[in-house]
Amino acid sequence: MSKLVAQAVIRGAHQIFKEAETKLNKAIQEKGESQKIEFPGTAFYLPMANALMAKEAKNLKDAKEILAHAKSLLPEVPSDKIWLPYLGGALDAGIATLLCEEIIMVLRYLYKEEPQADCEGFFSDTILRSLGIQLVDGRMPGFAAILGAAQDNKTAVEIVRQLQERNILIFAGSSTKGRSIIDQLKEENVQMGWDNYIVPYGRDTLSGIYPLHWAIRGALTFGGIKPGQAKKCLLYCKERVFAFGLALGELDDLKYATGAGAICMGFPVIADTDIPEVKPSGITSYEALVKELDHSKIVARCIEVRGVKVKVAKIPIPVMYGAAFEGERVRKENLHVEFGGKVSTAVEYLHSTDINKVEDGKVELIGSDIDNINSAKKNMPLGIEVLVAGRKFNKDFEPILERQIHRYINWAMGLMHIAQRDMIWIRINKEAAEKGFRLKHIGIILHAMLHQEYSAILDKVQVKLYTDEKDVEKLIKQAQKAFEERDERISGMTDESVDTFYSCTLCQSFAPNHVCVITPQRLGLCGAYSWLDGRASFEITPTGPNQPIQKGECLDEKLGQWKNVNEFVNQKSNKSIGSISMYSLLVDPQTSCGCFECILAVIPELNGVMIVNRDYSGMTPCGMTFTTLAGSVGGGVQTPGFLGVGKLYTVSKKFISADGGLPRLIWMPKELKEALGDKLKQRCKEAAGADFYDKIADETQATTIEQLKPFLEKVDHPALKMPPLL
Ligand code: SF4
């Protein structure tokens, strides 16, 4: 490592330590050592100290101990005269920096100085979990933490657009000479937020700890690594979290110190200024600190230095295209034209047909295009008919492919797609229309993307777009008939009606011992993979993460244990799991990776179970929030009494059937109850009578056991009279 770099790192670390010390002493003086400290929405206390030191920092006294440890890591600044090895010292200073920055940030929260204006601040555990699926399926191949400001707004926008087009999540923040990239992007009206893959974290370098916090929690959440296993946590970040730092503008000592912390986690830093480089690999996969002065090449250089695997669809359309544009909204004031929603008739329908009747690549527009739009009306009817054919194509794949239309259209910059089937709502904004986006481009996108992702089962794709009302109505009638048939086919499937289940090991890139077993009546815990998806995915990629498991000999019908399933899970979980029950949360429950939609938890005092979804941030009767519960469930381990599940599992007839089934359910958040709506009402009726739905409490009735008990007694909840759960 260059001595100049080491000097800057260590100087910066001392400066940050001083600030942490001063702030902490002031806080202790004003509030006392027992003053509680916490970041919002995390079960990991001060995550860096929790991961690296196994410290559960709850108050200022705990912070003092962390600070003392940080101090012990701080070396002297290398002198100009006497040569000493300084790589180790600079890296220690990097870790000390992260621990100190964490203390400064939590104190800012204590004094209500965070999050900064227009910034996200600390990223919650819920966000980490909800993005888990995009991380594992490659939609989001990595993260960039940008520090500083570009030389001008145009360059800033170009850099983030290039990162977005590669679906790389961008954490934007820090400043150079008082200017932050956050403000450059704001001035250029770039939409920011999680949905747009651009997350402003804060305008100073110290808040650069937020993206690093987020990464280290990945090791604890998905990697099954225990707090205090510092080396394993850092290695996990290096090997599984594809992050890098991008320093725009001059580097000061604080950026060098924070950058050294990032490098310790395996994340290289790429700068656009003439800095001394640190090229040896080891701590990072390739170079640790490099420069790239040409802004048109800097994103490519970042990807190369970090080894990010990017899948980019090059589609010949006049707007940018990539998953990062998925969450973009098209607002009324920027609207060129819209279809469906409440304003016009619209439908999308994908179906297979005779291979000789499909002309691959043909895109037809039947009716007028969007340049003839009535400028006052701004809406048109739209029917999207996708005809597919393939020798290996199975009719059951139709809804799976059709569901992708939402994603494919949303990935086009300037387009917004909501809902599915005959409830779609599509908007195209003015810029996209000005750049030349026309309806045929929707067909071009669908043709290209379906081939790119499903070429193993598809040979031909043709798209017809209708904009005449009567044509759209006709297509709707045809589609509705097919939709009804599909619904019956899927809902009629039971675990008994098949002899094969499917595995999913996608999350092993984060939780190495986790295996989901997906059955017709139990979807993957992330909620994204049903049995049909598993089967389709296996046909598409026979060596992929979804493998068929012949059920074979049944070991226990009630628990849902099969010999072959147990053997498969044992082998794929690196021999860490001996057996799993498909229908119990008490006996050999399935493992949970971390990206579950909901958590089931036993409430032994009331002989029942509760379920909580990850969007619910309030308290639950088991005394824990979703975030706290999630902290003890994930990581690919079995936790009897707790189980990560997909939302729709609640309405399955196999819902914890070995433990008593749906009548055990005593509490769930109102929003979850309402989201499951009629399906839940129907299942309640079947399981315990028409009035059972109202007997399941929500947070408006109880958030503690003391409140829940009298409610359940009053409504005569069946769980109270069931055989003891434990
Ligand atoms: S089904 Fe299971 S392993 Fe597969 S992506 Fe979902 S949570 Fe991960």
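In this text the structure is predicted, and so the values were computed from the model without any measurement.

**Description of the packing of aromatic side chains**
Alright, step 1. One pass over the structure, following the stated rule, counts 22 aromatic pairs.
Alright, step 2. Seen from their ring centres, Phe39 and Tyr109 are 5.8 Å apart, and the 85 degrees between their planes marks the pair as edge-to-face. Note that Phe39 is positioned in the loop between α1 (3–31) and α2 (47–53) and Tyr109 in helix α4 (residues 87–110), a separation of 70 residues in sequence.
Alright, step 3. Within the aromatic cluster, the residues linked to one another by ring pairs are Phe39, Tyr109, Phe122, Phe123, Phe143, Phe171, Trp194, Tyr210 and Trp214.
Alright, step 4. Lying over the aromatic face of Tyr693, Lys673 brings its terminal NZ or CZ to 4.7 Å of the ring centre.

**A short note on the environment of Glu292**
Alright, step 1. Structurally, the position occupied by Glu292 is in the loop between β8 (289–291) and α12 (295–306).
Alright, step 2. Take Glu292: its relative accessible area is 15%, and that puts it in the buried class.
Alright, step 3. The spacing of Glu292 and Gly202 is 90 residues in sequence and 24 Å in space, taken between C-alpha atoms.
Alright, step 4. Residue contacts for Glu292: discarding those within four places in its chain leaves Ile270, Ala271, Asp272, Lys297, Ile298 and Arg301.
Alright, step 5. Here Asp294 takes part through its backbone nitrogen, which lies 3.1 Å from a polar atom of the side chain of Glu292.

**Overview of the nonpolar core**
Alright, step 1. By size, the foremost hydrophobic cluster in this structure holds 191 residues, and its most contacted members are Leu169, Trp214, Met265, Phe339, Ile384, Val386 and Leu401.
Alright, step 2. Here this core gets 15 residues from one element, more than from any other, and that element is α4.
Alright, step 3. In this view, Leu169 contacts Leu131, Met140, Gly142, Phe143, Ala144, Trp194, Tyr197, Val199 and Trp214; residues no more than four positions away in its chain are not counted.
Alright, step 4. By size, the runner-up hydrophobic cluster in this structure holds 26 residues, among which are Ile170, Ile181, Ile198 and Leu246.

Analysis parameters
- All chains use their own residue numbering, which begins from 1 and follows the written sequence.
- Totals for whole chains, interfaces and linings use every residue, but because this is a predicted model, local features are given only for residues with pLDDT of at least 70 and side-chain atom pairs only at 80 or more, for both listing and counting.
- Note: side-chain values were computed over all heavy atoms of the structure, leaving out hydrogens and water.
- Stacked, tilted and edge-to-face are the three classes assigned to paired rings of Phe, Tyr and Trp, where Trp is represented by its six-membered ring and a pair needs centres within 6.5 Å; plane angles under 30 degrees give stacked, over 60 edge-to-face, the rest tilted.
- Only DSSP runs of H or I reaching four residues or more are called helices, and only runs of E reaching two or more are called strands; each is numbered from the N terminus.
- A ring has a charge above it when a Lys NZ or an Arg CZ is no more than 6 Å from the ring centre and no more than 35 degrees off the ring normal.
- Three labels apply to residues, based on accessible area from a 1.4 Å probe with only protein chains included: buried if under 20% of the type maximum, exposed if over 50%, partly exposed otherwise in between.
- Only heavy atoms enter the contact rule, under which two residues are in contact if any of them lie within 4.5 Å.
- Here a polar contact is recorded for every N or O atom pair within 3.5 Å, except that within protein the pair must consist of a potential hydrogen donor and a potential acceptor, and residues adjacent in sequence are included only if both atoms are side-chain atoms.
- Residue types Ala, Val, Leu, Ile, Met, Phe, Trp, Tyr and Cys, when buried and joined through side-chain atoms within 4.5 Å, form a set referred to as a nonpolar core.

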